[in-house]
Amino acid sequence: MTATLGRLRKQLAGIVALALMISLFLVARLPGVSAAEQDSMAGKFHFTPMTIALPAANKSQSIRTVNKAYENISAWISSVGAAVAINDISGSGKANDLCLVDTRSDQVVITPTPDSGPRYAPFALDPAPTLPTWDHMAPMGCVPGDYNEDGRTDILAYYWGRTPVLFLQKANATKFDASAFQPTELVPGDNRGPDGKYTGPMWNTDSVTIGDFDGDGHVDVFVGNYFPDSKVLDPNADGGVTMNQSMSHAVNSGGKYIFRWNGATAGANPSAQFVDASEGIPEKARLGWTLASSATDVDGDNLPELYIANDFGHDHLLYNKSTPGHIQLGEVTGVRGVTDPKSKVLGNDSFKGMGVDFGDLNHDGLYDLFVSNITTSWGIEESNFQFMNTAKDAADLRKQLAGGVAPFEDKSGSDGTAWSGWGWDVKIQDFNNSGENQIAQATGFVKGQVNRWPNLQELATAHDGLVSNPFWWPNARAGDDIAGDQTLHFFAKSADGRYTDLAPQLGLAVPVPTRGIGVGDTDGDGLPEFAVARQYEAPIFYHNDSPNPGKYLQLKLTTDAPVAPGTLPAAGNPAIGAQATVTTSDGKKYLGRVDGSSGEAGRRSFDVQIGLGHDVQGPLDVHLQWRDRTGQVRTQDLKLQPGCHMYRLGSTATEEM
C-alpha cells in the first residue's frame, strides 16, 4: 500500500496535467450557438451610433513623444489614455454629459451626449495656469464625483507626468464651461518651480476609483500608478525609466495610494482636502502595474472591497476591515482546485489584468466579477476571468473573506467568455432590461500596417532579466500593428446559459482599438446607452433603441447634504456605495449600486439601473442599504413600482417627486 501511494504521489503532477488537458478539451468542444439563434438574440438589441462633439484642439497626434529609452517602443508607450465617463455633470437631472480623454489632442473634454442636443459648447479642462503643468504630461482618464460635497459634480483627472487634479465646480458660476471649474491638487504640496513649471512627483497613473473606504460617510480616492515615478513622455530625457521586470509577476511599478477625505469648502473658491492613508493597503499590494480597479461592497457591510487589476502579475482583492478614520484592507485569495491552473485562481493569477467590473450574473444576490486579460489566439492566449461567487449567502461570504478566502471560481471557459482579444474595459449591464446582464468588453492594442505579433511572442518567452530593459524589447513604433483590428465584444446569455458575442450582428464590431466604456441612461427612457473611447480614433456614442425592452427599476440616490446655492443647477451629492436589492416573487434577486467608477478607462453613471424582464409585476420588494453622513449604516425596505424613482438618503430614505 505504501509503495502504491508513493508511486501515485510521483505521478500526481502528470495526473493533474492530464485532467487539465481533458477539461480544456471538453470546454473547447462545447456546442456553440447557431447562427439562427444568434440572429434571434441580436434582434432584442439595437444601438444607433452617433458622433460626439469635441472642442477645438491645439494639436493632433497619432503617437506620443516618449523618453529616448522608449523610442523603439513608442507605440507601446502610446497605447493607453482614451477614456470616457457618462454622468450628470451639468445638473440637468439626466446622465447626459460625457467626460472623455481624447488621445489625439491630450484633452480632458466635457461635452453633452449627442442624443441630448447642443445644450452647451464642448470644452476642455486644463490645470494651467491655476496649477503648474509641464510640457511632457498627458491625461489618462477622468472620474466624476462630488469631491467637496456641495451637491455639484466635479471631475478628477489623472495623468502620466504629474499627480491627479480635482476640477471643482464653483457655486457662483453663471455659465457651464471651463471657467465654472476650479483646479485643485488632490495631493497636497507646493509643486511649482521657479519657472512656474510642475516639479512634483512624476506619477504615471492609469487607474482611479472612489468609495467610502473607512465608513465615515465621506468618499475617499484610490490611485493606482503604472510606471514607477519617471519622465516617461519627455523626449529630452534619456533613461531613468524601466519596463516590467517580468511578464507574470512584475512589481517594479508605480505605487498605490488611498487618500482619505478630510474636509472641504464650497462657494466661489471651492476646496477639498485629502490625507494619505495608503498604509491601509497591504504591503504586497502596494506595487504592481495597475491598469484597472473597482471599489465595490462585496459582502454587504457598506465598506467597499478594492479589486486592483495589474498588468504583468497578480491582481489583488482586498477585504475591507476599516473603521472611521482608519483604513485597513486585507488580502484575500481563491482556493485552487485539483484541475485549476494557478493563473486562474483569484489573487494568484499571472495574466494581464486590463479591466474589471462587478455584477450579479446568476441572480443569487451575490456579486460576481469579470476581469479582462489578453486572450488572442496565435498571439498571447491567456483567458478572461468570469469569477462566479460560490458562497452560500452573504453571511457565509463575509465569514470566508474574514478568514482570507475569496470564494470565487472562474467559469469563463465553460460559459463562453474566456477568449475575446486584447481585453480592456468591461461593463456588466442589462442593456435591454431583459433581466439578464450582458458583458460589454473593449479590445485591441495598436493599429498599423506591420504585424508585430511574432516579435511580441518572442518577448513573452524572454528571460525576466532582460524584460525590464527597454533596449531588449522588439520594435513597436508608428506603423506597427498588434491586435489593431480587434473590436468591441458584446456577450449575451443564450438559452443554454452560455454566452455568445453579438457584436458582429449589432454593428459593434468595428476594427478599431477601443479602451473605455461609459454607461448610463442619457435620455431618461430606462434603457442604458454607452459611449466608447477609442485609441487615436474619434470616440463613439451608441444610443439604445432596443425593441420591446423589459421593465426596469432606476434609482437616483443622493445624500441629504445641502446643495450650495448658485446660479447653475446641481445634480446633488451621489450616495456612492449605496446598494439596492430587488427580490421577485420567484426568489430571484437583482443587485444594483451607486458605482464609484469600476473599470479601466470607462465609468458608468451614478444611477442605479436594474433590468427586470417582461414578467415581473409591481410593486417591487426593494431593500436599500447605505451609510449616512455620520457613517452609520442605514437600511430601508420599500415597495416600488417599476420605473424611475429619486431618493435622498439620510437617517431614512425620502422620496423626491
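Residues numbered from 1 in each chain as written. Predicted model: local features only at pLDDT ≥ 70, side-chain atom pairs only at ≥ 80, totals over all residues. Heavy atoms only, no water.

The protein goes by VCBS repeat-containing protein in an unreviewed UniProt entry, where it is assigned to Amycolatopsis iheyensis.

Draft legend 1. Here's a closer look at helix α7 (residues 453-460). Every buried residue of α7 is listed here: W453, L456 and L459. Relative to the axis of α7, the buried residues are bounded by an arc of 115° and lie together on one face. The inward-facing, buried residues of α7 abut α4 (74-77), β24 (450-451), α8 (464-467) and β25 (480-481). (Buried < 20%, exposed > 50% of the residue type's maximum accessible area, 1.4 Å probe, protein only. Helix = DSSP H or I, 4+ residues; strand = E, 2+ residues; numbered from the N terminus. Arc of directions from axis to C-beta. Contact = heavy atoms within 4.5 Å.)

Draft legend 2. Representation of the sheet that holds strand β28 (residues 514-520) in the model. One open sheet accounts for four strands, arranged β1-β30-β29-β28; its pairing is antiparallel. The sheet is open, and its two borders are formed by β1 (47-51) and β28, each paired with just one other strand. Geometrically, the sheet is characterised by an average inter-axis angle of 25° between neighbouring strands, direction not taken into account. Bridge analysis of β1 against strand β30 (residues 540-544) gives five bridges, and the strand direction is antiparallel. Across the sheet, the residue bridging to F47 is N544, located in β30. (Pairing = 2+ DSSP bridges. Axes fitted to C-alpha atoms, helices over the stretch in contact; angles between N-to-C directions.)

Draft legend 3. Spotlight on the environment of V241. With respect to the secondary-structure elements, V241 resides in the loop between β11 (220-225) and β12 (256-265). Sequence separation between V241 and D485 is 244 residues; the distance between their C-alpha atoms is 30 Å. In contact with V241, other than residues within four places in its own chain, are N67, A69, Y70, S230, K231 and V232.

Draft legend 4. Representation of the pattern of salt bridges in the model. For the structure shown, the criterion picks out 22 salt bridges. Here D299 ties to R398 by a salt bridge, and the two come within 3.8 Å at their closest N and O atoms. Of the two residues, D299 sits in the loop between β14 (289-296) and β15 (305-311) while R398 sits in helix α5 (residues 394-402), which places them 99 residues apart along the sequence. Residue classification places D299 among the buried positions, given a relative accessible area of 1%. The exposure class of R398 is partly exposed, given its relative accessible area of 32%. A cluster of three or more residues bridged by salt bridges with shared partners is formed by D357, R593, D595 and R604. (Salt bridge = Lys/Arg side-chain N within 4 Å of Asp/Glu carboxyl O.)

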